[in-house]
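# Analysis of the macromolecular model
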Amino acid sequence: MSTALLTDLVIFVLSLWVGFEVISKVPATLHTPLMSAANSIHGIVLVGAMLIAVTAHNPIGYVIAFVAAAFAAMNVVGGYVVTGRMLKMFRRRPGTAVADDGKRS
Amino acid sequence: MSAFSTTIQLIYVAAASCFVLGLHLMNNPATARRGNQVSTAGMVAAVVATLALIIHSGAITVTGWIVMAAGALVGAGVGLYSARTVQMTAMPQLVSVFNAVGGGAAALVGIHDYMSLADAGRGVPGSITVTTLLDVIIGAVTFSGSIIAAGKLQGLITSAPVTFPGSRAVNLLLAAVTLAGCGYLIATPSLPGLLVVIVAALAFGVSMVMPIGGADMPVVISLLNAFTGTAVAMAGFVIGNWALIIAGALVGASGGILTKLMADAMNRSIGNIIVGGFGTGDTSMAVLPGAGAGVRAIEADDAAIQLAYASKVIIVPGYGLAAAQAQHAVAELADLLESRGVEVSYAIHPVAGRMPGHMNVLLAEANVPYPQLKEMDEINPEFSRTDVALVIGANDVTNPAARRPGTAISGMPILDVDHAKSIIVIKRSMGHGYAGIDNELYANPKTSMYFADAKAALAGLTGAVKTLVG
């Protein structure tokens, strides 16, 4: 196994543990927004999709690059917008936006 | 490493930190919005850094630019439109679609990488092939599986488990073909071989999700979410990008945790759910002779009086509430009762609805303050002090049969609705829940059944409370 691969593996495993640690504290109320937020985060694959366009040099490559960029962009933009839309609705009291609440408490 | 590429790498690390911080801020509804903003900022930074990297490398063709920009614009437009217009009741479908496109994009990254290596005529080192194949397979399974899941949730495909004789053998066969294909590809790089593996993985995704029924969807969506994360992390291995590895691992962990929580809330193993076929509900066997006798029906006026003169009411929403789009109607009734001094709270079972936290989002949309939404462990002791438990479109999660051994739902944690002084169940008919067994709650002498569509029933109750005691 190459050093690069080993480094990648170490990062992967440690990130998994960070993920378990951070996410296991999320309350059930926020499980849907959490899932949606996680969804937007895996939209980072857009970075990979963009890099395909660099190495693509034939029609098949371009088609793959186009579809990958479209999929990933849809994932990122849609994910963040819908998560924000959902979180905006969570209120502590009727008519009070959560964001205001956070500043007061 | 040049100063330029070091800077780019550091930006990726900063982006990954933003993702971790963003998820951390999701621990509290009061900070969750900021979490989403932090996470968005990380994503923007990563994308801008990648653009800089591409410009700096100068290797991209004009066609490459056009393809990339066109794809990104189309995708962003579709994503923006669907995110803005989606109904909250349809959130599970949308999440599923985002899982599909994320997994699909990750698979394409792997496929492209494999193709360009094969084109260059270079031998592909075995260890690289393994991560590439994992990327392609997990991504493809997620893609087709998520599309089937979204179709089931949207009602385009029957939400009932779809099985046929030998369907499990087909599953095993597809898995075997995929694995054998991988073994072959590691030994001898070949594009037709890769195509076989892709097709087999896509077919496996379909045949994996088809036999899983509607009420198991919270588990399936969580699992597919974990798959997508893992596929993206594998794509990170393929292109040697840490941001993808870290972000993918975070999502994989989050999906994994939710999968486990959901499976525990049904007292079933993840394997049992994936094997599927649960809830085919051999109903002719499950209906006891005389079921329906001993059940007391109630009209809107009587139910309204009970609610209006109660001092404590707990509302138990289930998928029926979402299906009837009745979240605003229930919030209106609850507001009316509260204005009369009734203490109202909501009991949320972890697997109520079609995805984790589905009920919470619906009720948040209807302006219900989140401190009123109580988790199962928190609310269960309160039922004995409750005058009326109002069950709306929830079934199996309230069935006391779960406390006895020997039933289809034995051992499943339930809401102790039967401990309330009286119970009103809003339901369209005496039909069975997902598990296909009788709900013993309905035969309880304390229970009255209000047979109607949830939305109409709640509007009726609100009207009756206003006219009778207004």
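Residues numbered from 1 in each chain as written. Chains lettered and ligands numbered in written order. Predicted model: local features only at pLDDT ≥ 70, side-chain atom pairs only at ≥ 80, totals over all residues.

With that settled, the discussion passes to the environment of B:Gly71. Within the secondary structure layout, B:Gly71 lies in helix α3 (residues 62–85). Here the alpha-carbon distance between B:Gly71 and B:Leu321, two residues 250 residues apart in the chain, equals 38 Å. Ignoring sequence-local partners within four residues, the contact set of B:Gly71 consists of A:Ala65, A:Phe66, A:Val67, A:Ala69, A:Ala70 and A:Ala73. (Helix = DSSP H or I, 4+ residues; strand = E, 2+ residues; numbered from the N terminus. Contact = placed C-beta atoms within 7 Å.)

This next bit is on the pairing of strand β4 (residues 343–348) of chain B. Residue and element names in this part refer to chain B. Note: strand β3 (residues 312–317) against β4, four bridges, orientation parallel. The residue bridging Ile-314 from the neighbouring strand is Ser-345, located in β4. Two elements, β4 and strand β5 (residues 373–375), share three bridges in a ladder whose sense is parallel. Residue pairing in the sheet places Ala-347 in a bridge with Lys-374 of β5. A crossover connection joins β4 to the parallel β5 through helix α15 (residues 358–365); in handedness this β-α-β unit is right-handed. (Pairing = 2+ DSSP bridges. Right-handed = clockwise from strand over helix to strand, strands pointing away.)

With that settled, the discussion passes to the sheet that holds β5(B). All names here are of chain B. Strand order in this open sheet of seven strands is β2-β8-β7-β6-β3-β4-β5, and the pairing throughout is parallel. Taken across any chain shown, the strands that pair with only one partner, and hence form the sheet edges, are β2 (296–297) and β5. Where helix α14 (residues 327–339) meets the sheet, its contacts fall on β3, β4 and β6 (388–392), and the angle it forms with β3 comes to roughly 175 degrees. (Axes fitted to C-alpha atoms, helices over the stretch in contact; angles between N-to-C directions.)

A few words now on the confidence of the model for chain A. For chain A, per-residue confidence averages 87 on the pLDDT scale, and residues scoring 70 or more make up 88% of the total. Ranking the elements of chain A by mean pLDDT puts helix α5 (residues 98–104) of chain A last, at 41, and helix α4 (residues 59–89) of chain A first, at 95. (pLDDT = per-residue confidence, 0-100.)

Here we come to the interface of chain B and chain A. Taken together, the contacts link 99 residues of chain B with 85 residues of chain A. Broken down by secondary-structure element, the contributors of at least two residues to the side of chain B that touches chain A are α1 (3–25), α2 (32–57), α3, α4 (91–119), α8 (217–239), α9 (242–265), α15 and β5 of chain B. Its residues assigned to classes, the side of chain B that touches chain A comprises 60 nonpolar, 35 polar and four charged. (Nonpolar A, V, L, I, M, F, W, Y, C, P; charged D, E, K, R; others polar.)

Counting 208 residues, the largest nonpolar core has A:Val45, A:Ala68 and A:Ala69 as the members making the most contacts within it. When residues of this core are assigned to their parent elements, the largest contribution, 20 residues, is made by α4(A). Residues within four places of A:Ala68 in sequence aside, it is in contact with A:Ala49, A:Ile52, B:Ala105, B:Leu108 and B:Val109. (Core = buried A, V, L, I, M, F, W, Y, C linked by C-beta atoms within 7 Å. Buried ≥ 20, exposed ≤ 12 C-beta atoms within 10 Å, placed from the backbone.)

On to the domain arrangement of chain B. All names here are of chain B. For chain B, the assigned domains are domain 1 (1–85), domain 2 (94–280) and domain 3 (288–469). Its C-alpha centre places domain 2 at a distance of 37 Å from the equivalent point of domain 3. Taken together, the contact pairs 16 residues of domain 2 with 11 residues of domain 3. Elements that contribute at least two residues to the side of domain 2 that touches domain 3 include exactly α8 and α9. Taken together, the residues of the side of domain 2 that touches domain 3 break down into 11 nonpolar, five polar and no charged. (Domains from an automatic or database assignment.)

Let us now look at the packing of helix α3 (residues 45–55) of chain A against α8(B). Contact geometry for α3(A) and α8(B): axes closest at 10 Å, N-to-C directions at 40 degrees. Between α3(A) and α8(B), the angle falls in the class oblique. Classified by chirality, the crossing of α8(B) by α3(A) is left-handed. Contacts between α3(A) and α8(B) involve A:Val45, A:Gly48 and A:Leu51 from the first element and B:Val232, B:Ala235 and B:Ile239 from the second. For the contact of α3(A) with α8(B), the per-class residue count stands at five nonpolar, one polar and no charged. (Parallel < 35°, antiparallel > 145°, perpendicular 65-115°, else oblique. Left-handed = near helix turned anticlockwise from the far one by under 90°.)

With 26 residues, α2(B) extends 38 Å between its outermost C-alpha atoms, agreeing within 8% with the 38 Å of an ideal straight helix rising 1.5 Å per residue. B:Gly58 occupies a position one or two residues after α2(B) and carries a positive phi of about 65 degrees. (Expected span 1.5 Å × (residues − 1).)

Moving on to the environment of B:Ile426. Looking at where B:Ile426 falls in the secondary structure, it is placed in strand β7 (residues 422–427). Discounting residues that sit within four places of it in the chain, B:Ile426 has contacts with B:Val391, B:Ile392, B:Gly393, B:Tyr450, B:Ala452, B:Ala454 and B:Ala457.

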